[in-house]
Amino acid sequence: MPLEVLERAQSELTDWRGSGMSVMEMSHRSPEFVSIAAEAERRLRALLEVPDDYAVLFLQGGATGQFSAVPLNLAAPGAPAAYLNTGSWSKKAIAEGRKYVDVQVLADEKQSNYATVPAEGSFEVPQDASYLHYTLNETIGGVEFPYVPDAGSVPVVTDASSTILSRPLDVSRFGVIYAGAQKNLGPAGLCVVVVRRDLLEQARPDVPAALDWKAMAEADSMLNTPPTLAWYLVGLVLEWVEEQGGVQEMARRNQAKADLLYGAIEASSFYSNPVQPAARSWMNVPFLVPDSSLEKPFVAAAAEAGLSGLAGHRSVGGMRASIYNAMPIEGVRALVDFMTDFEQQNG
Ligand code: PMP
């Protein structure tokens, strides 16, 4: 979270703008909260240039909830659904999809140990598929699609949890974009779903109400009590992104941060990053040291130097720097300096 946002939230915590109440204490039906919710939606639409024929939903259940919501809302009876498998989060989406629909995996990057995305045009989407699902950025593997797959008339659905707001996204290329909030949007507890309105008519009759996009769209995402505090905080983050210069400016900063870190890794014979250069994530940079016995000392010494959260995901080990929007370039510089020192002492 950007520090300015936390400070703003702190200053408003007990009394939101003279209302005499904390946002936590407001009814979600109160005019105050309804205005907070509408303002956040307006800002998100403006920042992402969401066309009018898309609904924007603020839901609970995380991106994991959407792994189920996607087939439950989109899969036509008897039709397959196409998926691309580029790593850990794709696999989870596929496993959840298999509970409800005939999943066809069109590309699986197993051969590269999930260090690649399928080449553009290397797979064909069956035109009877209900949708094509892919993970825009694999948060654990650090693999990000540099292109939007062409699926013909099949709606493209993407898990943009760790990409949203980091760079411009042409919403009109997608049927559905969903993203857990806890990277670039705000705190955990909220998942944003941007869905083309014509796709709101395809849900299975037994879709649970909390995952029913159409019902949620009709109820302004308030079919049940939304996570009001998280929604408010997302609104503050969106305001901050606006003040910084919008998504274009986030992209400029993020590219500079990523270039700095990947450049340092490339220039060193000590550190390595396994990901195909064209598919390297701007947000999550995994890296290895030559000997895995140096991983724990690296993470411990980094934490001592004030650089925390650098251990790789527990499923893959190694190290990983997540350099989301709120991370300033000074933080990346400090990491690169630390890495140089560590290499000198251990290389
Ligand atoms: N997809 C991606 C790309 C993620 O990074 C994550 C969480 N790190 C998830 C899905 C799961 O999100 P949640 O924990 O909000 O369900």
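All values derive from a computational prediction rather than experimental measurement.

## Describing the site of the ligand
Taken together, G62, A63, T64, F67, W89, N137, T139, D159, S161, Q182 and K183 are the residues near the ligand. A distance of 3.5 Å is found between an oxygen atom of the ligand and a side-chain nitrogen or oxygen belonging to W89. The contact in question runs from a nitrogen atom of the ligand to an N or O atom on the side chain of D159, over 2.6 Å. Considering the ligand on its own, with 400 Å² of exposed area, one finds that the protein chains cover 83% of that surface. Class assignment for the residues of the shell around the ligand results in three nonpolar, six polar and two charged.

## What about the pairing of strand β3 (residues 102-108)?
Bridge count for strand β2 (residues 80-85) against β3 is six bridges, and the pairing is parallel. Among the inter-strand pairings, A82 is bridged to a residue of β3, identified as Q104. On the question of chirality, the crossover connecting β2 to the parallel β3 by way of helix α4 (residues 88-98) is right-handed.

## What about the sheet that holds β3?
Spatial ordering of the open sheet is given by β1-β9-β8-β7-β4-β2-β3, a layout of seven strands whose pairing is mixed. Two strands in the sheet have a free side with no partner beyond their single neighbour: β1 (54-59) and β3. Taking each pair of neighbouring strands and ignoring which way they run, the sheet shows an average axis angle of 20°. Bridge analysis of strand β8 (residues 176-180) against strand β9 (residues 191-196) gives five bridges, and the strand direction is antiparallel. Looking at the pairing, V176 lines up with V195 of β9. Those strands touched by helix α2 (residues 31-48) are β1 and β9, and its axis lies near 130° from that of β1. Lying on the sheet, helix α3 (residues 62-74) is in contact with β1, β2, β7 (156-159), β8 and β9; it crosses β8 at an angle near 160°.

## Details of α4
Those residues of α4 that fall on the buried side of the exposure criterion are S90, A93, I94, E96 and G97. In an axial view of α4, the angular spread of the buried residues amounts to 165°, which keeps them on one side of the axis. Turning to α4, the residues buried within the fold contact α3, β2, β3, β4 (132-135) and β5 (137-138).

## Quick word on the packing of helix α8 (residues 295-304) against helix α9 (residues 329-346)
Packing of α8 against α9 leaves a shortest axis separation of 11 Å and a crossing angle of 130°. Taken as axis vectors, α8 and α9 run oblique relative to one another. Note that α8 runs across α9; the crossing there is right-handed. Only F338, M339 and F342 of α9 make contact with α8, whose side of the interface consists of P297, F298, A301 and A302. Looking at the contact of α8 with α9 residue by residue, the classes come out as seven nonpolar, no polar and no charged.

## Considerations on the domain arrangement of the chain
Taken domain by domain, the chain holds domain 1 (3-244) and domain 2 (246-346). For domain 1 and domain 2, the distance between their C-alpha centres works out to 27 Å. Across the domain 1 to domain 2 interface the summed buried area is about 2,100 Å²; carbon plus sulfur atoms make up 57%. The largest per-residue losses of area from domain 1 upon contact with domain 2 belong to I140, R167 and Q244, which jointly make up 24% of the total buried on that side. Seen at the junction of domain 1 and domain 2, the total is zero salt bridges. At the surface where domain 1 touches domain 2, the tally comes to 14 residue pairs in polar contact (both at pLDDT 80 or more). Looking at the side of domain 1 that touches domain 2, the elements with two or more residues in it are β6 (143-144) and α6 (228-244). Element by element, the count of residues in the side of domain 1 that touches domain 2 is highest for α6, at four residues. When its residues are assigned to classes, the side of domain 1 that touches domain 2 shows 10 nonpolar, nine polar and four charged.

## Quick notes on the side chain of S161
Locating S161 in the fold gives a position in the loop between β7 and β8. Looking at S161, the relative accessible area reads 8%, which means it is buried. Among the polar contacts made by the side chain of S161, one reaches the main-chain amide nitrogen of G180 at a distance of 3.2 Å. Ignoring anything within four residues of it in the chain, the contact list for S161 reads A63, Y178, A179, G180 and K183.

## As for a nonpolar patch on the surface
A contiguous nonpolar patch, built from M1, L3 and L6 and spanning about 280 Å² of accessible area, is present on the exposed surface. By the secondary structure assignment, L3 is in helix α1 (residues 3-12).

## Focus: the environment of A79
The topology assignment puts A79 in the loop between α3 and β2. Here the alpha-carbon distance between A79 and A129, two residues 50 residues apart in the chain, equals 5.8 Å. Apart from the residues within four sequence positions on either side, A79 is in contact with V101, D128 and S130.

## As for the packing of aromatic side chains
Aromatic rings in a pair are described by how distant their centres are and how their planes are angled relative to each other. Scanning the entire structure with this criterion turns up 14 aromatic pairs. Centre to centre, the rings of F58 and W231 are 4.5 Å apart; their planes meet at 15°, and the pair counts as stacked. With F58 in strand β1 and W231 in helix α6, this pair connects stretches of sequence that are 173 residues apart. A relative accessible area of 1% means that F58 is categorised as buried. By relative accessible area, which is 2% here, W231 ends up buried.

About the cut-offs
Residues numbered from 1 in each chain as written. Predicted model: local features only at pLDDT ≥ 70, side-chain atom pairs only at ≥ 80, totals over all residues. Heavy atoms only, no water. Near = heavy atom within 4 Å. Polar contact = N/O pair within 3.5 Å; in protein donor to acceptor, adjacent residues only side chain to side chain. Areas by Shrake-Rupley, 256 points an atom, 1.4 Å probe, with all protein chains shown as cover. Nonpolar A, V, L, I, M, F, W, Y, C, P; charged D, E, K, R; others polar. Pairing = 2+ DSSP bridges. Helix = DSSP H or I, 4+ residues; strand = E, 2+ residues; numbered from the N terminus. Right-handed = clockwise from strand over helix to strand, strands pointing away. Axes fitted to C-alpha atoms, helices over the stretch in contact; angles between N-to-C directions. Contact = heavy atoms within 4.5 Å. Buried < 20%, exposed > 50% of the residue type's maximum accessible area, 1.4 Å probe, protein only. Arc of directions from axis to C-beta. Parallel < 35°, antiparallel > 145°, perpendicular 65-115°, else oblique. Left-handed = near helix turned anticlockwise from the far one by under 90°. Domains from an automatic or database assignment. Buried area = accessible area lost by both parts, 1.4 Å probe. Salt bridge = Lys/Arg side-chain N within 4 Å of Asp/Glu carboxyl O. Patch = residues over 30% accessible without salt bridge, like charges linked within 9 Å, V, L, I, M, F, W, Y side chains within 5 Å. Phe/Tyr/Trp six-rings, centres within 6.5 Å; stacked < 30°, edge-to-face > 60°.

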